[in-house]
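Here's the letter readout for the chains.
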Amino acid sequence: MTTSKQIQLAARPEGWPTHENFRTVEVELDDLAEGQIRVANEFVSVDPYMRGRMNEGRSYIPPFELDQTMTGGAVGRVVESRSEAHPVGAVVLHDLGWRDVAQGDGRQFRVVEEIDGVPISAFLGVLGTTGLTAYVGLMHIGGFRAGDSVFVSGAAGSVGSAVGQIARLEGASKVVGSAGSAEKVETVTGRYGFDAALNYKDGPVRELLREHFGAEDGEGIDVYFDNVGGDHLEAALDLMNDGGRLPLCGAISSYNATERSPGPDNLWHAISRGLTLQGFTINKHMGYFKEFAAKVGPWVASGELVYDETVVEGIDNAVDAFLDMMRGANVGKMVVRV
C-alpha cells in the first residue's frame, strides 16, 4: 500500500453541501520514518459535527482547510509499523478518516482490544466517542439520577439511541424519544426500549410532546438531551420540571440554515423553574473514558445495550454517506466500510 485515496474539501458549502464541495485524490505515501505506522482503514465515520468544520470561523475545533484531506474517526489494522507499541495486525482507533490508508506517528493511533462478537466498527460508535458523548451528556452534564424522566431528541441516531438505553439501564422512570419516521419510532420503542416516541413530522413537536409529559401535573421532564435544537428545544422547555437539566449536544435542525433562526420564545422557563442548560463537546471530557468503558462495555458485550449501524460500502461513497446522514437516512451510527 503505497498510495492512499483521500477526500478533500474543495469549496465551503453555503447551506446544504453538494458533491461539488468535495474532491477525491490519490496521494503517494512516503516510506515510514521511525515511530510511524501505516494503517488500512476498515471503517470511517461521518458525523453531524463535520458540517460545522466545513465553515470558516471560530468553533470548538478548527475548520477543515480547503484543498486538504478532511479528518474524522476511523478504525483499521496496522499493515506496516516502525513503532513497537503498534504491531502489524493490531486494531487501532484514530482521527485520520476520509481516506482508505492512513499513515502517521504512532502517537496518533490508539490500540484497542477486540471484543468477541462485536465488529470493530463499534469503536466508532457505541464503544467510542459516540457512546462516550451519550454517557457523559446524560450522567455528568445532565446529572441524571435514578427515577428521572428523560426526553431525547434524535433518538434513532447513534448518540440518542445510546442515551435512552443508558437512562433505562440506570433506572429512569420514563424515557421518551423523537424520530423522523414511523419506522424509526418503532425502532426507538421496540428495539431500543424507550417507553414511547413521537414522529416529529406528524405535527408541531410542542403539541406531540404534551401527549407524553405534562409539567403542570408533576409529570414533566427532568433531563432533556438535545441533539436537534429548534422546535424540540422549545417543546422541552415548556415541559421541564423544576430543577431540570438540559445537556445541549447538537442542533442539527440548523446546521445547514443560511439565515439565523429565532431563539426559543420560552427561555424564561429557565428562570422560573431553575433550569440548567449546558452545552458540551466531548473532546473536553475524554477523562471519563475509563469510567464509560467500564460501565457501558459490559452492557454492549452482554446485549443489554443494543446498537445499530447504517453501513455504506466504499470510500468513494463517503460523501454520499455524509449527505444521507445529514438528511436523517441512517438508523444508528453511519459508517463507511472501506
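Going by the structure above, here's the rest.
Residues take numbers from 1 onward in each chain, read along the sequence in its written order. This being a predicted model, a pLDDT of at least 70 is required before a residue's local features are given, and a value of 80 or more before pairs of side-chain atoms are given or counted; all residues contribute to the totals for chains, interfaces and linings. To get the side-chain values, take all heavy atoms of the structure and skip hydrogens and water.

S.K.: How would you explain unusual backbone geometry if you had to name every residue and give the values?
M.R.: Positive phi values are uncommon outside glycine, yet Asp67 reaches one of about 65°. You can see Asp67 is positioned in the loop between α1 (49–53) and β4 (74–81). Buried residues are those whose accessible area, probed at 1.4 Å on protein chains only, stays under 20% of the maximum for their type, while exposed residues exceed 50% and partly exposed ones sit between those limits. On the accessibility criterion, Asp67 (41% relative accessible area) is partly exposed. Here the phi dihedral of Trp98 falls at roughly 60°; this positive angle occurs in a residue that is not glycine. By the criteria applied, helices consist of DSSP H or I runs no shorter than four residues and strands consist of E runs no shorter than two, each listed in order from the N terminus.

S.K.: Got a sec to walk through the environment of Thr129? Specific residues and values, please.
M.R.: For Thr129, the position within the fold is in helix α2 (residues 129–141). On a C-alpha basis, the gap between Thr129 and Phe289 in space is 8.6 Å, while along the polypeptide they are 160 residues apart. Note on contacts: a residue pair is in contact if any heavy atoms of the two residues lie within 4.5 Å. Setting aside anything within four residues of it in sequence, one finds Thr129 in contact with Ile282 and Met286.

S.K.: Could you give an account of the environment of Gly243, with specific residues and numbers?
M.R.: Within the secondary structure, Gly243 is located in strand β12 (residues 240–248). A residue is classified by how much of its surface remains accessible, and Gly243, at 32% relative accessible area, is partly exposed. A sequence separation of 32 residues divides Gly243 from Leu275, and the C-alpha atoms of the two residues are 5.0 Å apart. Residues in contact with Gly243, not counting those within four places in the same chain, are Arg273, Gly274 and Leu275.

S.K.: Quick rundown of the sheet that holds strand β10 (residues 196–199)? Include the residues and the values.
M.R.: Strands were regarded as paired on the criterion that DSSP finds at least two bridges between them. Taking strand neighbours across the sheet as the criterion, the six strands line up as β10-β9-β8-β11-β12-β13 in an open arrangement whose pairing is parallel. A single partner strand is all that each edge strand has here, and the edge strands are β10 and β13 (276–279). Each neighbouring strand pair of the sheet contributes to a mean axis angle of 15°, computed without reference to strand direction. Bridge analysis of strand β11 (residues 221–225) against β12 gives two bridges, and the strand direction is parallel. By the bridge assignment for β12, Ile221 is matched with Met240. Helix axes are fitted only over the stretch in contact, all axes being lines through C-alpha atoms; the angle between N-to-C directions runs from 0 to 180 degrees. On the sheet, helix α4 (residues 182–191) packs against β9 (174–179) and β10 and is oriented at approximately 165° with respect to β10. The strands that helix α6 (residues 230–239) touches are β8 (149–152), β9, β11 and β12; relative to β12, the one it contacts most, it runs at about 155°.

S.K.: Give a detailed account of the packing of aromatic side chains, specifying residues and quantitative values.
M.R.: Pairing of aromatic rings covers Phe, Tyr and the six-membered ring of Trp, with a centre-to-centre limit of 6.5 Å; geometry is then stacked below 30 degrees between planes, edge-to-face above 60, and tilted otherwise. Summed over all chains, the structure comprises seven aromatic pairs. With centroids separated by 6.2 Å and ring planes inclined at 65°, the aromatic side chains of Trp98 and Phe322 adopt a geometry described as edge-to-face. Within this pair, whereas Trp98 is found in the loop between β5 (91–94) and β6 (101–105), its partner Phe322 is found in helix α9 (residues 318–326), the two being separated by 224 residues in sequence. Between Phe151 and Tyr224 the ring centres are 5.1 Å apart and the planes differ by 15°, which places this aromatic pair in the stacked class. Note that Phe151 is positioned in strand β8 and Tyr224 in strand β11, a separation of 73 residues in sequence. The exposure class assigned to Phe151 is buried, which follows from its relative accessible area of 0%.

S.K.: If you had to explain the side chain of Arg53 to someone new, which residues and values would you point to?
M.R.: Tracing the backbone through its elements, the reader meets Arg53 in helix α1. As used throughout, the charge tally considers Lys and Arg to be positive and Asp and Glu to be negative, leaving His and the chain termini uncounted. Salt bridge, as used here: a side-chain nitrogen of Lys or Arg that lies within 4 Å of a carboxyl oxygen of Asp or Glu. Buried Arg53, no salt bridge; nearest opposite-charge side chain is Asp95, N-O distance 5.0 Å. Only 2.9 Å separates the side chain of Arg53 from the backbone oxygen of Pro62, close enough to count as a polar contact. Residues within four places of Arg53 in sequence aside, it is in contact with Arg12, Ile61, Pro62, Pro63, Phe64 and Thr71. What qualifies as a polar contact is a pair of N or O atoms within 3.5 Å, subject to a donor-acceptor requirement within protein and to the restriction that residues adjacent in sequence count only when both atoms come from side chains.

S.K.: Help me get a handle on the nonpolar core, residues and values and all.
M.R.: Nonpolar cores are built from buried Ala, Val, Leu, Ile, Met, Phe, Trp, Tyr and Cys residues. Side-chain atoms within 4.5 Å join them into one set. By size, the foremost hydrophobic cluster in this structure holds 49 residues, and its most contacted members are Leu138, Ile166, Val188 and Val296. Of all the secondary structure elements, the ones that give two or more residues to this core are β5, α2, β8, α3 (158–169), β9, α4, β11 and α8 (289–302). At seven residues, α2 tops the list of elements feeding residues into this core. In contact with Leu138, not counting residues within four places along its chain, are Gly143, Phe144, Val163, Ile166, Ala167, Val223 and Phe225. Core analysis: the next-biggest nonpolar cluster, separate from the first, contains 22 residues, Ile7, Leu9, Val44 and Met70 among them.

S.K.: Give me the pattern of salt bridges: which residues, what numbers.
M.R.: One pass over the structure, following the stated rule, counts 16 salt bridges. Where Asp67 meets Arg23, a salt bridge forms, and the shortest distance between an N and an O atom there is 2.6 Å. In this pair, Asp67 is assigned in the loop between α1 and β4 and Arg23 in strand β2 (residues 22–28), connecting sequence segments 44 residues apart. The network of salt bridges with shared partners includes Arg206, Arg210, Glu234, Asp238 and Asp265.

S.K.: Requested: an account of empty space enclosed by the protein, with residues and values cited.
M.R.: Each cavity reported here is a set of points on a 1 Å grid over the protein atoms alone in which a 1.4 Å probe fits but cannot get out, each pocket an open set with protein on both sides within 12 Å along at least five of seven lines, and each lining residue one with an atom within 4 Å of a point. Grid points are joined across faces, edges and corners, and a volume is the space filled by probe spheres set on the points. Counting across every chain of the model gives one cavity of 30 Å³ or more. Each pocket or cavity is described by its volume, and for the largest cavity that value is around 70 Å³. Ranked by residues supplied to the lining of the largest cavity, first place goes to α3 with four residues. Gly falls in the polar group here, along with every residue not listed as nonpolar (Ala, Val, Leu, Ile, Met, Phe, Trp, Tyr, Cys, Pro) or charged (Asp, Glu, Lys, Arg). Tallied by class, the residues present in the lining of the largest cavity amount to five nonpolar, five polar and three charged.

S.K.: Tell me what's going on with the pairing of strand β14 (residues 309–313), and back it up with residues and numbers.
M.R.: Taken together, the five bridges between β14 and strand β15 (residues 333–337) define a ladder with parallel strand orientation. Across the sheet, Glu309 pairs through a bridge with Lys333, a residue of β15. You can see the chain leave β14, run along α9 and come back into β15, and the turn it takes is right-handed. A right-handed crossover is one whose linking path, passing over the helix from the first strand to the second, runs clockwise when the strands point away from the viewer.

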